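# Secondary and tertiary structure notes
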Amino acid sequence: MTAKAVVARATEMSKATTPRSSLFLKYFSTLFAAAVIPLLIAGGSEAWFGYRDQRARLNDLLDAEARLAAEKIADFIEGIRDQLGWTVQLPWSDNPGDRRRLDALRLLHQAPAVESLSLVDGKGKERLFVSRIGLNRIEGGDDHSTKPAVIGARSDRIWFGPVTFQDGSEPFMTIAIAGTRAAAGVAVAEVNLKFIWEVVSGIRVGRTGEAFVLDRPGRLVAHPDIGLVLQADEAAQRPLQALRAAILTRSGQAAAGQDIAGNMVMAAMAPIPGLDWSVIVTQPLAEAFGPIYTALWRTGVLLIAGAVLAAILAYWMTQRMVGPIRVLEDGVARIGAGQFEHRINLATSDEFERLATRFNEMATELSVSQERSERINRLKRFLAPQVAELIERSGDDQVLDGRRVEVVAVFCDLRGFTAFSVRAEPETVIRVLREYYDALETVVSDHGATLINFFGDGAMILFNAPVSCVDPAFRAVGMARAMQKSMQGHLANWRALDDRLGFGVGLAMGPATVGRIGSQGRLHYTAIGNVVNLASRLCSSAEDSEILIDRVAASAIGSEIALVELDPRTLKGFDQPVPVFAVATDLAARSKI
Amino acid sequence: MLAEETILLWVPRAFAEATDGLKRRDFIALTGAAAASIIPAHAQAMPVIGYLGSESPERYASRLSAFRDGLAQSGYAEGRNVSIEFRWAQGQYSRLPSLAKDLAGSQVTLMVAPGGAEVALAAKSATATIPIVFEMGGDPIALGVVDSLSRPGGNLTGVSSLSVEVSRKRLEFMREVRRETKVFAVAINPRSPTSDSQLKNLHVAADSLGLNLVVLKASTEQEFEGMFAAVHEMQAGGLVFSSDPYFAYRSQQLAALASRRGVPTITQSRDFPLAGGLMSYGGDFHQSHYHTGVYAGRILKGEKPSNLPVQRVTKVELFINLNAASALNLVFPSSLLSSADQVIE
């Protein structure tokens, strides 16, 4: 697998298996909740408590303003009443002189709201009338005793008439006051209520709030906009009456309602004692609850800022997490795909870096282990399993390096196989060869020899290389005998196919150069040297069932195995006849007979 | 408006959309304000007040200043956010209707008709659409200016003072000063729409006070001289001027004549005792002209005249001049001294 393909596969895997948004969502929701929920709670409670406090404060404020306004208007009336009081202190005599007239004129001068004043004596006769507009009258003598003002003042000391609108516009009211003694008579004053405007327009509730006055039937008596009073339009004043009714239903509390222009206001009311008038103070709702709106705005802005901050933090944090995770994931995918040389580069100096280091170590381990298993697989092809295992365990294949060593080379092949392979069916040839190889491999493996290779019906086996062993010649002969024994068993069957088939073995001992040879793609372990040629020639020279041995091997074996010295034979590639020994076997003996 | 469009153009689209909802009005107000500050002042249509005066600017000076105070109270200043176009009749009241028509024809935003019923009626006859604010002394209903004080209806409203109603009080005060005399002269401007009603009131008052009246008529300045001469010759207790703007605007002249002829005289305007006359009793013209200015401002702001009730200036002021009294060898009774709003010494 090429590096490119590995990367492609790794990215494919990461695409298929990592739902990146979920981590982001988890982080975002957690951070968002952490930032926004406390803000929401704080903002909500601030708004709620703020509303309650403001409502209570508003009640107090408006209530106080209403009382204050009522007091101011009461003071205004009180001022007129005081002035009137002076005129009814002394009883009337028949000839009062000029003093009463001067007092009355002075009163007009002092109390600009009083438009005219009539003084009535104890009998109800008008004794004096002074006016700003009309002519003054002295001793007019008209009988006023049946007028409601005089009757009212006589019974209650003070009497306030209904509010009347002169020419349907200017508000006036009659105030009558009686002296402590009946003989002092009654003072009846026409009061222009427009003068209350000065009082009312001077009252400011909050920044834009205002005060106005309704009489008992709900007509507007005073308002900062004097025009509204002068219009005397009862239909237009209905909202104010509704407002008063609304306040009356919630005694002691400020009520919300509409003013004459239809704006929403908070309003409170205070009565003016004695007059049955109501002073109502209003404050626009927007202003009254302004602080709460401000708080809500603040909370809203904080919420948005918190949410944005949480989002940014979440994004940043997630990027910090996801970045290394993706690098790790990519690296792991590459390593998993077999690219063991890949290294994960992370310098986050935290757990991620540690994890990356672990992965890199793992990749190294994997690479080492894979190399070893590849090597062993290679070794297993020409080493006996025990030898291969040995090398695998030691983890060292230096034994396969080239060196010169004393080896025993064993060659064997089938006699008459070439002729058989020409005549027989290919399937039969292949079956025979497979049985032959299997049998040989079993024997070679049993004897701890190294099977160098098969070539057609022949095979080359080495002793003492690459793994050294004790007494290689002896072992080689043992193996050759076992081969012969095994092959003769098989040959008994194969001769049914072709009776000319046979099996011969040749072995020789001597120094040889051993090691891995070959190109990068095809690597073999083999031995090169005279001994190999000799063993091969001996094998070629051997008869069926025969095991031929050279002199070196024979002398190494000594007398442990019975050997028969044959006549020296002229072998191809050898100038001198070569001394040859044969292993004495029952079979060999029998064939010789 | 070009400037506003230009501003809207470079507002980023997203922002414009974001501000689409709740804040749209604020936003428009904002750009509007910005646009207003960019456009030169003269490019905006400044409202024009057409001011119809029965006399000359000099005679109206104190009234005009009160009027401007009232305008300022409503947030308007001449030259800054309102311009005033004046038409002066120079004492020739017959010219008022044509001057009023001239103002109506020059497309003024609002007409102000101060200084008496003649001016108000001239303005009323000139237009039925341009709002009119009047200032006068008499009863606006009786004079046919409006139908109702609380709901004037139509295109005009204004301020009335109590000057006309209190003509009889002037006779009463004059008698207080000259208690030993039974004959008093009364000056009437026959051209005044209120002359008949005032004369009737004065006769009723004279009857109830037990006085005899000599009625003198004057409608031009040239007749003043003869009038004072007549009073002097007939040895009347004093001369009582009926309420009339023509007289009121000539207070200095009247004061000079009165002192030259040694005639105890009372008029409606405080200008008279301030100029050396004996005394005055009448509505406070400063207040009435001030409220005229306030109303003019409110109408400029968009209020309808029909929704503004006719205001009555209730304050009636008594001014007396002790110097004039001593020059005439008169002594003010304490009843007058204590009632006076101002005593000039």
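As a starting point, this report considers the structure included with it. As the structure is a prediction and not an experimental result, all values here were calculated from the model.

### Some points on the interface of chain B and chain A
Interface size, as often reported, equals the accessible area lost upon joining of the parts. On the chain A side, the residues contacting the 24 residues of chain B number 22 residues. Mapped by element, the contributors of at least two residues to the side of chain B that touches chain A are α7 (167–177), α8 (195–209), β11 (311–313) and α15 (334–339) of chain B. Element by element, the count of residues in the side of chain B that touches chain A is highest for α15(B), at four residues. Class assignment for the residues of the side of chain B that touches chain A results in eight nonpolar, nine polar and seven charged.

### Focus: helix α4 (residues 148–156) of chain A
All names here are of chain A. Those residues of α4 that fall on the buried side of the exposure criterion are A149, V150 and A153. Seen along its axis, α4 keeps its buried residues to an arc of 95°; they face one direction. Looking at α4, the residues exposed on the side facing more than 90 degrees away from the buried face are P148 and S155. In the core, the buried residues of α4 are packed alongside β1 (114–120), β4 (158–160), β6 (170–178) and β7 (186–192). Once α4 finishes, R157 follows within two positions and takes phi at roughly 75°, a positive value.

### Some words on the sheet that holds strand β9 (residues 265–267) of chain B
Residue and element names in this part refer to chain B. Reading across from one edge, β7-β6-β8-β9-β10-β12-β13 is the order of the seven strands in this open sheet, with mixed pairing throughout. Of all strands in the sheet, those bounded by a partner on one side alone are β7 (212–217) and β13 (342–344). The mean inter-strand angle of the sheet, taken between neighbouring strand axes irrespective of direction, is 20°. Two elements, strand β12 (residues 316–321) and β13, share three bridges in a ladder whose sense is parallel. Bridging from a neighbouring strand, N321 pairs with I344 of β13.

### Considering unusual backbone geometry
Of note, the amide linkage connecting A465(A) to P466(A) takes the cis form, showing an omega dihedral of -5°. With respect to the helices and strands, P466(A) occurs in the loop between β15 (458–463) and α14 (472–494). The backbone of D276(A) sits at a positive phi, close to 65°, despite the residue not being glycine. Position of D276(A) among the secondary structure elements: in the loop between β11 (264–272) and β12 (277–284). Residue classification places D276(A) among the partly exposed residues on the basis of 13 C-beta atoms within 10 Å. At Q107(B), a position not held by glycine, the phi torsion is positive, near 55°.

Cut-offs applied
Residues numbered from 1 in each chain as written. Chains lettered and ligands numbered in written order. Predicted model: local features only at pLDDT ≥ 70, side-chain atom pairs only at ≥ 80, totals over all residues. Contact = placed C-beta atoms within 7 Å. Helix = DSSP H or I, 4+ residues; strand = E, 2+ residues; numbered from the N terminus. Nonpolar A, V, L, I, M, F, W, Y, C, P; charged D, E, K, R; others polar. Buried ≥ 20, exposed ≤ 12 C-beta atoms within 10 Å, placed from the backbone. Arc of directions from axis to C-beta. Pairing = 2+ DSSP bridges. Axes fitted to C-alpha atoms, helices over the stretch in contact; angles between N-to-C directions.

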